[in-house]
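Chain residues, written in single-letter form:
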Amino acid sequence: MSVVKIDGIEYALDVLSDDAKGQIASIQVVDRCLNETKEQIAILQTARAAYAAALKNILESSNLASFEAPDANTPDGDLAN
């Protein structure tokens, strides 16, 4: 017998309505999508950090004078963070 726990209460799947089973299936799909999205966010954050580090190395080795005004393309003007 398969059991599902909802809000701390266990229910036997075989006694649930088809509508309830459909809702459970939809929740499972959404949970999988959320987990995939979290993984994608982690990948993108890692890539962004690598690009920012590479940019920092390029700028430090180029001996360019810094300019303190924020970049209009980013909310805080800081691409490296």
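Our structure is the block above this text.
Residues numbered from 1 in each chain as written. Predicted model: local features only at pLDDT ≥ 70, side-chain atom pairs only at ≥ 80, totals over all residues. Heavy atoms only, no water.

**Q** Sorry if this is basic, but what is going on with the overall build of the chain here?
**A** Assigned secondary structure in the chain consists of one helix and two strands. Going from N to C terminus, the chain has its helices and strands arranged as β-β-α. Looking at the chain as a whole, 7% of its 81 residues qualify as buried. On the chain, roughly 7,100 Å² of surface is accessible, and the fraction owed to carbon and sulfur atoms is 57%. (Helix = DSSP H or I, 4+ residues; strand = E, 2+ residues; numbered from the N terminus. Buried < 20%, exposed > 50% of the residue type's maximum accessible area, 1.4 Å probe, protein only. Areas by Shrake-Rupley, 256 points an atom, 1.4 Å probe, with all protein chains shown as cover.)

**Q** For this particular structure, what's the right way to read the pairing of strand 1 (residues 3-6)?
**A** For a regular strand, the rule is simple: side chains alternate between the two faces of the sheet. Where strand 1 lies against strand 2 (residues 9-12), four bridges are found, and the strand directions are antiparallel. Residue pairing across strands places Ile6 opposite Ile9, the latter belonging to strand 2. (Pairing = 2+ DSSP bridges.)

**Q** Help me out: how do you make sense of helix 1 (residues 18-62) in this one?
**A** In an α-helix, one turn spans 3.6 residues; hence positions three or four apart end up facing the same way. Look at helix 1: 66 Å from first C-alpha to last across 45 residues, which is about the 66 Å you get at 1.5 Å a residue. Remark: Asn63 follows helix 1 within two positions and exhibits a positive phi of approximately 55 degrees. (Expected span 1.5 Å × (residues − 1).)

**Q** Sorry if this is basic, but what is going on with a nonpolar patch on the surface here?
**A** The grouping of Leu55, Ile58, Leu59, Leu64 and Leu79 at the surface amounts to a nonpolar patch, some 470 Å² of accessible area in total. Examined against the element boundaries, Leu79 turns out to sit in the segment after helix 1. With relative accessibility at 42%, the residue Leu79 sits in the partly exposed group. (Patch = residues over 30% accessible without salt bridge, like charges linked within 9 Å, V, L, I, M, F, W, Y side chains within 5 Å. Salt bridge = Lys/Arg side-chain N within 4 Å of Asp/Glu carboxyl O.)

**Q** For this particular structure, what's the right way to read unusual backbone geometry?
**A** Negative phi is the rule for most residues except glycine; trans is the rule for most peptide bonds. Look at Asp7: it is not a glycine, yet its phi comes out positive at around 55 degrees. Along the chain, the position of Asp7 falls in the loop between strand 1 and strand 2.

**Q** What am I meant to see in the environment of Glu10 here?
**A** As for its position among the elements, Glu10 is in strand 2. Excluding its chain neighbours within four sequence positions, the residues that come into contact with Glu10 are Val3, Val4 and Lys5. (Contact = heavy atoms within 4.5 Å.)

Structural measurements only, silent on function.
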